Amino acid sequence: MTRVLVVDDDPMVRTGLSMILGGAPDLELVGEATNGQEAIDGVRRFSPDVVLMDIRMPVRDGLSAATEILAAAVRPRLIMLTTFDADEMVHRALRAGADGFLLKDTPPERIVESIRAVSRGEPTLSPTVTARLIAAVTEAPDPGGSAARATARRRLEALTAREREVALAIGGGASNADIAGTLFMSVATVKSHVTSILAKTGAESRLQVAVLVRDAEL
């Protein structure tokens, strides 16, 4: 059973998510919160496996709360609720270690699948949406500039040639199955490479690997 905490200031959104989770036998809604501070308190109180949290909220926004939640030694997986419109905080959430993102109009079945996936350590977006999101948030001017590029390239230097190919594919939003087909290897081998990439680069998720690739301008 995967324990889920829902965080959103809109009661209609919380109600909708609660109904969606109620229809999944392997997911349990353990609590709700209306802002980032309540989310932090809820994580401490309920110890959820996954937190589904809006980025923009009053009192304390989702990004601020995410930064604190993700800094804990033992922390839940975190899915941010967002839009593609103008969420400049999405890029910062990626860097903070968020495990994925969902649009608020995501179909119910996809939300359930995403929670299950992120609980297994997999990204929560389809390849097409992943590529679009990562491109949107990383093409904006980065105040880190050349320093960020140099840092990203240094972290990727530890990869073997094959791992580098897999990392580049992740940066393009490809799924494990897509990578396996393109690089002519089994899905199990791709997963093994992904595990090695995460360990060598210090990234906590595929999304962070994708950001590294973008930052490195490869």
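Placed above this text is the structure.
Residues numbered from 1 in each chain as written. Predicted model: local features only at pLDDT ≥ 70, side-chain atom pairs only at ≥ 80, totals over all residues. Heavy atoms only, no water.

**Q** Just checking my understanding: could you explain the nonpolar core for this structure?
**A** Side chains of nonpolar character tend, in soluble globular proteins, to be buried together. Counting residues in hydrophobic clusters, the biggest one holds 23 residues, and the most contacted among them are Val7, Val51, Met53, Leu78, Met80 and Phe101. Taken together, the elements giving at least two residues each to this core come down to strand E1 (2-7), helix H2 (36-46), strand E3 (50-54), helix H3 (62-70), strand E4 (77-82), helix H4 (89-96) and helix H11 (206-216). With 5 residues, the top contributor of residues to this core is H3. For leucine 78, the residues in contact, after removing those within four places along its chain, are Val51, Met53, Ala66, Leu70, Ala98, Asp99 and Gly100. Formed by 21 residues, the second largest nonpolar core is a distinct cluster that contains Ala152, Ala169, Ile170 and Leu183. (Core = buried A, V, L, I, M, F, W, Y, C linked by side-chain atoms within 4.5 Å. Buried < 20%, exposed > 50% of the residue type's maximum accessible area, 1.4 Å probe, protein only. Helix = DSSP H or I, 4+ residues; strand = E, 2+ residues; numbered from the N terminus. Contact = heavy atoms within 4.5 Å.)

**Q** Explain the pairing of strand E2 (residues 27-33) to me, please; I cannot follow it from the model alone.
**A** Relative to E2, E1 runs parallel, the two being bridged by 6 bridges. Within E2, the position partnered with leucine 5 by the bridge is glycine 31. (Pairing = 2+ DSSP bridges.)

**Q** Help me understand the packing of helix H9 (residues 176-183) against helix H10 (residues 187-201) in this model?
**A** Each pair of packed helices can be described by the angle between their axes along with the distance between the axes. Two numbers describe how H9 lies on H10: the axes approach to 9 Å, and their chain directions differ by 110°. As far as their axial angle goes, H10 and H9 are roughly perpendicular. The residues of H10 that touch H9, namely those facing Asn176, Ala177, Ile179 and Ala180, are Val187, Val190, Lys191 and Val194. When grouped by side-chain class, the residues that make up the contact of H9 with H10 number 6 nonpolar, 1 polar and 1 charged. (Axes fitted to C-alpha atoms, helices over the stretch in contact; angles between N-to-C directions. Parallel < 35°, antiparallel > 145°, perpendicular 65-115°, else oblique. Nonpolar A, V, L, I, M, F, W, Y, C, P; charged D, E, K, R; others polar.)

Interpretation in functional terms is not warranted from these geometric data alone.
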